[in-house]
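Geometric and topological summary
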Amino acid sequence: MIRKATLNDVDAIKSIISFYAKQELMLHRSVSDLYESIRNFYVYDIDGDVVGCCGLQVLWADLAEILSFAILPEYRGKGIGTKLLDACLDDARELGATSVFTLTYATVFFEKNHFKRVEKATLPHKIWIGCIKCHKFPDCDEIALSLELS
């Protein structure tokens, strides 16, 4: 089941993100950062266990970012990611965002969900706030993808 994350989900979200961050597949998130941004997150819960998460961060009047998108490996390929992404995109539309982007290595998934590759340089400078925390900055090898919302 998809639901908004609660404070009780922070440890599970941190664990899922850390699994991929240790493989350098996503940016680490601190516990304090997760508490501060918990209202941005959706989780997929199966019988009380969080098996996936996805965040939506509003960056400007018309722009939002999909971030910290992760599904435990044993639950991938079951449609959970699409449901999490759809929840975030619905939220973005309700908020009035007209464009959503992500920086990711999961390009196939996002392209299947109608995102298009874009040059990172075309994204506003404001998006780099989170990137400064990454050890790969400024030589990021993630792919930028964007979706125009209707």
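One structure accompanies this document, and this report is about it.

The rules behind the values
Residues numbered from 1 in each chain as written. Predicted model: local features only at pLDDT ≥ 70, side-chain atom pairs only at ≥ 80, totals over all residues. Heavy atoms only, no water. Helix = DSSP H or I, 4+ residues; strand = E, 2+ residues; numbered from the N terminus. Buried < 20%, exposed > 50% of the residue type's maximum accessible area, 1.4 Å probe, protein only. Contact = heavy atoms within 4.5 Å. Areas by Shrake-Rupley, 256 points an atom, 1.4 Å probe, with all protein chains shown as cover. Phe/Tyr/Trp six-rings, centres within 6.5 Å; stacked < 30°, edge-to-face > 60°. Lys NZ or Arg CZ within 6 Å of the ring centre and 35° of its normal. Core = buried A, V, L, I, M, F, W, Y, C linked by side-chain atoms within 4.5 Å. Expected span 1.5 Å × (residues − 1). Pairing = 2+ DSSP bridges.

Regarding the overall build of the protein chain
- Tallying secondary structure elements over the protein chain gives four helices and seven strands in all.
- Mapped from its N terminus to its C terminus, the protein chain presents α and β elements in the order β-α-α-β-β-β-α-β-α-β-β.
- For the protein chain, buried positions account for 47% of its 150 residues.
- Within the protein chain, counting contacts between residues at least 6 apart in sequence, those at least 24 apart form 66% of the total.
- Accessible area of the protein chain: about 8400 Å², with a carbon and sulfur share of 54%.

Thoughts on the packing of aromatic side chains
- Tallying each qualifying case throughout the model produces five aromatic pairs.
- For the pair F110 and F115, a centre-to-centre distance of 5.1 Å together with 80° between the ring planes defines the contact as edge-to-face.
- Over the ring of Y42 we find K4, and its NZ or CZ is 4.5 Å from the ring centre.

What about the nonpolar core?
- Counting residues in hydrophobic clusters, the biggest one holds 41 residues, and the most contacted among them are I13, I66 and F115.
- Residue assignment for this core shows that the elements contributing at least two residues are α1 (10-21), β2 (41-46), β3 (49-60), β4 (63-71), α3 (80-95), α4 (107-112) and β7 (143-148).
- The element best represented in this core is α3, accounting for seven residues.
- Apart from the residues within four sequence positions on either side, F115 is in contact with I66, L85, L89, V100, F101, T102, F110, L145, S146 and L147.
- If you look at the next biggest cluster of nonpolar residues, it comprises six residues, including L59, F101, L103 and L123.

Describing α3
- Taking 1.5 Å per residue, 16 residues should reach 22 Å; α3 reaches 23 Å between its end C-alpha atoms and fits that length.
- Looking only at α3, the buried set comprises I80, G81, L84, L85, A87, C88, L89, D91 and A92.
- Where α3 terminates, the next one or two residues include G96, which has phi positive at roughly 100°.

Regarding the side chain of T107
- Secondary-structure assignment places T107 in helix α4.
- Judged by relative accessible area, T107 falls into the buried class, the value being 10%.
- Residues in contact with T107, not counting those within four places in the same chain, are R117, I143 and L145.

Digging into the pairing of β3
- Pairing geometry for β2 and β3, over six bridges, is antiparallel. Within the sheet, the bridge partner assigned to D45 lies in β3 and is V50.
- Counting the residues between successive antiparallel strands, the hairpin from β2 to β3 contains two residues, one of them, D47, with a positive phi of roughly 50°.
- Two strands pair when backbone bridges link them, and β3 and β4 are joined in this way by seven bridges, in the antiparallel orientation. Opposite C53, over in β4, you have A70 as the bridge partner.
- Hairpin geometry of β3 and β4 is characterised by an intervening segment of two residues between the two adjacent antiparallel strands.

Some words on the environment of E142
- Inspection of the secondary structure assignment puts E142 in the loop between β6 (116-118) and β7.
- Relative accessible area serves as the criterion here: at 17%, E142 is assigned to the buried category.
- In this structure E142 touches L25, L103, T104, Y105 and K120, once residues within four positions along its chain are discounted.

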